[in-house]
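In case you want the letters, here they are:
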Amino acid sequence: VLEAVSQTAHSNRVGAESACLAVFDIDHFKRVNDKFGHSIGDEVLLLFARLMEQMFRHGDKLYRFGGEEFLVILVEADQEKSMRALERFRKAVEEHPFPQVGCVTVRTGLVNVSRSDYPPELIEKADKALYYAKGRGRNQVHCYAPLVDEGAIPGIHHDAGEVELWD
């Protein structure tokens, strides 16, 4: 993630290294597989990925993160710009007619990325925002930092000087 941010900033020669990482989880995807079968579930995943390709910018990095989870790195985008893009995507998914399945929704967790971040924490933070959306009815976009600031979720803090030893 950090390498993608750095490479994009370098290749654009703008020095901008602001970026956000978003994790998507298709709501109730297990129900799709259970009700319609895995081949229809696979079709939903493919159509979802195509929507991602259509909705995000060429320089943004798109990944399948396993199962029904996907990830996007929104390069040269601050939190506000990223939230707008993610909300547009959420709405596009909700309005897209998925053959045989009909309506599919998605929840999203967002985190700001900087070069000083501890890499394992980025996905953990985005996941915390994602699970906050799950607990609030799904089909939502939430950003980690405001949730922590509001006291809605506990923060994650890594002490870079801390070393764990195992026997």
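This text goes with the structure placed above it.
Since we're looking at a predicted model, the values are computed, not measured. (Residues numbered from 1 in each chain as written. Predicted model: local features only at pLDDT ≥ 70, side-chain atom pairs only at ≥ 80, totals over all residues. Heavy atoms only, no water.)

Draft legend 1. Structural context of the environment of Ala133. Of note, Ala133 is situated in helix α5 (residues 119–135). Ignoring anything within four residues of it in the chain, the contact list for Ala133 reads Arg107, Arg138, Gln140 and His142. (Helix = DSSP H or I, 4+ residues; strand = E, 2+ residues; numbered from the N terminus. Contact = heavy atoms within 4.5 Å.)

Draft legend 2. Looking closely at the pairing of strand β1 (residues 19–26). Within β1, 8 of the 8 residues are buried, leaving the element largely enclosed by the surrounding structure. Burial along β1 is two-sided: Ala19, Leu21, Val23 and Asp25 facing one way and Cys20, Ala22, Phe24 and Ile26 facing the other are all buried. Pairing of β1 with strand β3 (residues 69–75), which is carried by 7 bridges, proceeds in the antiparallel orientation. Across the sheet, residue Cys20 finds its bridge partner in β3, namely Leu74. Two elements, β1 and strand β4 (residues 106–113), share 8 bridges in a ladder whose sense is antiparallel. Among the inter-strand pairings, Ala22 is bridged to a residue of β4, identified as Leu110. (Buried < 20%, exposed > 50% of the residue type's maximum accessible area, 1.4 Å probe, protein only. Pairing = 2+ DSSP bridges.)

Draft legend 3. Looking closely at the pattern of salt bridges. For the coordinates displayed, the defined rule picks out 10 salt bridges. As a salt-bridge pair, Glu80 and Arg84 come within 3.0 Å of each other at their nearest N and O atoms. Taken as a pair, Glu80 and Arg84 lie in helix α4 (residues 79–95) at a separation of 4 residues, close to a single helical turn. Residue Arg84 is classed as partly exposed on the basis of its relative accessible area of 43%. In this structure, Arg90 and Glu87 form a salt bridge, with 2.5 Å as the shortest nitrogen-oxygen distance. Linking Arg90 with Glu87, this pair stays in helix α4, spanning 3 residues, or about one helical turn. (Salt bridge = Lys/Arg side-chain N within 4 Å of Asp/Glu carboxyl O.)

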